[in-house]
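Residue-level listing of the chains:
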Amino acid sequence: MDVNQKRKISRNIMIASILLVVVVIAFMFWCAMTERTETYFYNLAVIFFLVVYCFLTDYLEPKLCKEFEGISEERKAAYRRFLILDIVGYAGLAFFLVFIYNGSIGILGVVAYALTVKPKREARTIFYKRTQPETKTVVRPPEPPKAEPEVIEADAPEEPDTEKIDPAGPEETEE
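(A) How the structure looks around the environment of Thr57. Among the secondary structure elements, Thr57 is positioned in helix 2 (residues 40-64). Thr57 sits 44 residues away from Ile13 along the chain, and the two C-alpha atoms are 7.1 Å apart. With near-sequence residues (within four places) excluded, Thr57 lies in contact with Ser17, Pro62, Tyr90 and Arg124. Within the structure, the side chain of Thr57 is placed 3.0 Å from the backbone oxygen of Tyr53, a separation counted as a polar contact. Within the structure, Thr57 has its side chain in polar contact with the side chain of Asp58 (distance 3.4 Å).

Encoded structure:
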């Protein structure tokens, strides 16, 4: 499969994911406005959203892009690792969203999600055979050598006229 087809599939999956997020945010807003946050309906919808989102991004996209064909054991292990970490992270987010109104216990879900981010990124990089890190480093060209500051010598002040001035005052001439 060529790169353009993979990009098209990834873009379509991303669009579907964004639409799913918009629908869930609208649903959560509706639940908050109608005060249905304590019902099982809200909890099931949040869990359903996370399961579908995980399925779209973690299984369907690699499957449609044929990332599983001719896969090495190292990449299989990396896939399993990032899939498990993704599920744990999404479960943490679900825990947070379900217990958001029950005090500070929901923050544990955010902590679980945060702890899985970096190892998941590393495993995902190995699975997708990315050789460069995801963060971009900026390489700046070397600076040209600085020229030494030019010393400008000030001209010495001109000597005042050397006429002797009589302290008694100017001489008066008779005319």
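Now, onward.
(B) Examining the environment of Phe41 more closely. The topology assignment puts Phe41 in helix 2. Given the relative accessible area of 42%, Phe41 is considered partly exposed. C-alpha separation for the pair Phe41 and Cys31, spaced 10 residues apart in sequence, amounts to 9.3 Å. If we skip the residues at most four places from it in the chain, Phe41 touches Phe27 and Trp30.

(C) Seen up close, helix 4 (residues 107-127). Taking 1.5 Å of rise per residue, the 21 residues of helix 4 would be expected to cover 30 Å, and the 30 Å separating its terminal C-alpha atoms lies within 8% of that figure. The sharpest bend along helix 4 reaches about 35° and sits at Val117, with the proline Pro119 one to four residues further on. Taken as a whole, helix 4 has its buried residues at Gly109, Thr116, Lys120, Ala123, Arg124, Thr125 and Phe127. As for helix 4, its buried residues are in contact with helix 2 and helix 3 (73-98). In the stretch just after helix 4, Lys129 is the one whose phi turns positive, near 60°.

Definitions and limits used
- One numbering rule holds for all chains: residues counted from 1, following each sequence as written.
- Reporting of local features is limited, given that this is a predicted model, to residues whose pLDDT is at least 70; pairs of side-chain atoms are given and counted only at 80 or more, and all residues count toward the totals for whole chains, interfaces and linings.
- Hydrogens and waters are ignored; side-chain quantities use all the structure's heavy atoms.
- By the criteria applied, helices consist of DSSP H or I runs no shorter than four residues and strands consist of E runs no shorter than two, each listed in order from the N terminus.
- Between two residues, a contact is recorded if the distance between any of their heavy atoms is within 4.5 Å.
- For this analysis, a polar contact is any N or O atom pair within 3.5 Å, provided that within protein one partner can donate a hydrogen and the other can accept it, and provided that sequence-adjacent residues contribute only side-chain to side-chain pairs.
- Relative accessibility thresholds used throughout: buried, under 20% of the residue-type maximum; exposed, over 50%; partly exposed, between the two (1.4 Å probe, protein chains only).
- Residue count minus one, scaled by 1.5 Å, sets the expected span of a helix.
- Two axes enter the bend calculation: one fitted to the seven residues ending at the residue in question, the other to the seven starting there, and the bend is the angle between them.

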